[in-house]
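Residues per chain, in single letters:
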Amino acid sequence: MAMTKLGKNCLRWCPACNLPIMDVKTCPVCGGATLETELTPPADSRPAFDYDIEKTRSMCDACFGEGTGKLLLPEGHLAIMNKAPSIDRMEEVFSDGTVVATLRYDLGRGWRFIVRMQGAMRIAAAATKGWVILNPDAEEFIRQNRNLMVPGVKDADPGIKEDDEVLMLSEDRTVVGTGVAKMSGADMRSQDRGIAVKTRWHKPEELISSDKAHTWDDAVQANAAPMGKRVDEAVAFIKKTVSERQDLPAAVSFSGGKDSLACMLLTMDAGIDAVPMFVNTGLELDETRGLRPRFRRQA
Ligand SMILES: [Zn+2]
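The notes below deal with the structure included here.

About the criteria used
- Residues numbered from 1 in each chain as written.
- Predicted model: local features only at pLDDT ≥ 70, side-chain atom pairs only at ≥ 80, totals over all residues.
- Heavy atoms only, no water.
- Helix = DSSP H or I, 4+ residues; strand = E, 2+ residues; numbered from the N terminus.
- Buried < 20%, exposed > 50% of the residue type's maximum accessible area, 1.4 Å probe, protein only.
- Contact = heavy atoms within 4.5 Å.
- 1 Å grid on protein atoms, 1.4 Å probe; cavity = no way out; pocket = protein on both sides within 12 Å on 5 of 7 lines; lining within 4 Å.
- Points joined across faces, edges and corners; volume = space filled by probe spheres on them.
- Nonpolar A, V, L, I, M, F, W, Y, C, P; charged D, E, K, R; others polar.
- Domains from an automatic or database assignment.
- Salt bridge = Lys/Arg side-chain N within 4 Å of Asp/Glu carboxyl O.
- Pairing = 2+ DSSP bridges.
- Axes fitted to C-alpha atoms, helices over the stretch in contact; angles between N-to-C directions.

## Examining the overall build of the chain
Phase 1: A tally of helices and strands in the chain yields nine helices and 16 strands.
Phase 2: Along the first, second and third principal axes, the C-alpha atoms of the chain reach 80 × 50 × 40 Å.
Phase 3: Burial analysis of the chain (299 residues in total) assigns 41% to the buried set.
Phase 4: Long-range contacts, defined as pairs at least 24 residues apart, comprise 58% of the intrachain contacts of the chain with a sequence gap of at least 6.

## Comments concerning the layout of surface pockets
Phase 1: For the largest pocket, the calculated volume is near 1500 Å³.
Phase 2: Surrounding the largest pocket, 34 residues form its lining, S45, P47, K258, D259 and A262 being those nearest its centre.
Phase 3: Among the secondary structure elements, those contributing two or more residues to the lining of the largest pocket are β2 (19-22), β4 (44-47), α6 (216-222), α7 (224-244) and α8 (258-269).
Phase 4: Broken down by element, the residue count for the lining of the largest pocket peaks at six residues, all from α8.
Phase 5: Class assignment for the residues of the lining of the largest pocket results in 21 nonpolar, six polar and seven charged.
Phase 6: Both of domain 1 (1-122) and domain 3 (245-299) provide at least three residues apiece to the lining of the largest pocket.

## Here's the deal with the pattern of salt bridges
Phase 1: Per the stated rule, a full pass over the model turns up 21 salt bridges.
Phase 2: Here R112 and E165 are joined by a salt bridge, their closest N and O atoms 2.7 Å apart. Of the two residues, R112 sits in strand β8 (residues 110-115) while E165 sits in strand β12 (residues 165-169), which places them 53 residues apart along the sequence. Each of the two residues, R112 as well as E165, counts as buried.
Phase 3: Where D155 meets R189, a salt bridge forms, and the shortest distance between an N and an O atom there is 3.4 Å. One end of the pair, D155, is in strand β11 (residues 153-156); the other, R189, is in helix α5 (residues 185-190), with 34 residues separating them in the sequence.
Phase 4: For D155, a relative accessible area of 28% corresponds to the partly exposed category.

## With respect to the sheet that holds strand β7 (residues 98-106)
Phase 1: Spatially, the five strands line up as an open sheet ordered β4-β5-β6-β7-β8, and their pairing is antiparallel. At either end of the open sheet lies a strand with only one pairing partner, and these are β4 and β8. Averaged over all pairs of adjacent strands, the angle between strand axes in this sheet comes to 25°, irrespective of strand direction.
Phase 2: As paired strands, β4 and strand β5 (residues 79-83) are joined by four bridges and run antiparallel to one another. Of the residues in β5, the one forming a bridge with D44 is K83.
Phase 3: Relative to the sheet, helix α1 (residues 50-64) contacts β4, β5, β6 (90-95), β7 and β8, its axis offset from that of β8 by approximately 75°.

So this is what it looks like as structure tokens:
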């Protein structure tokens, strides 16, 4: 059955340039073909800020050892956070054209770092924690999405605790799968039966990576044409809507977030002197309440 798409995923990727490209199938920079991004619908993505990158890297380091975070998200490479549906908050971390990890907030437990196959391939050789080496016979069972049983364990990081995220590796450190430890690493080494790891990701993938670093200014420049088209469409829509309702004053509902800010700026581009409306829910951050924007255009 086809996957249900909740709205269109407009974020594409140029593998040659290693840049995010909106909407268009031909890269405006190099003229090459852009690829669809495999973000979980509704693909509500945004640039990863320094805070997101540092948080992701430090969570990766905590699970798989110092230095793995920087292999997961290389210095100077653009990363994107994609909000995915979950009981609480969940975000996919996208870098160099692929999803490398998921950050999930579990109630009562806190943030959990879930490495994806592409992320696991980036860090496998350097992982000093959270690794499980498989007996060759066990590999095909993991590839069939079966769990790893203790007899399939050749070796394991003794520091693994039950419920930790782990990498399942072949003897040459090829990633066979990722999963959740069902017993400690010490038990995996000493027991002779039971489930060692519940398999999470297991489908073999080609490594997707790029050595091209960029700034967000590069991304904005690359997307000038598709973004300009969107701005023109939105401004035309706002002008038309306001002109059709001349009996009512124009107002922009403003929360302080990225969406309402974009809406406010588009309204200004349309030359409309709209009243910003901010509702203090009582749960606002100080920074949001302190914005007090002056949006009226100067004459
Ligand atoms: Zn390109």
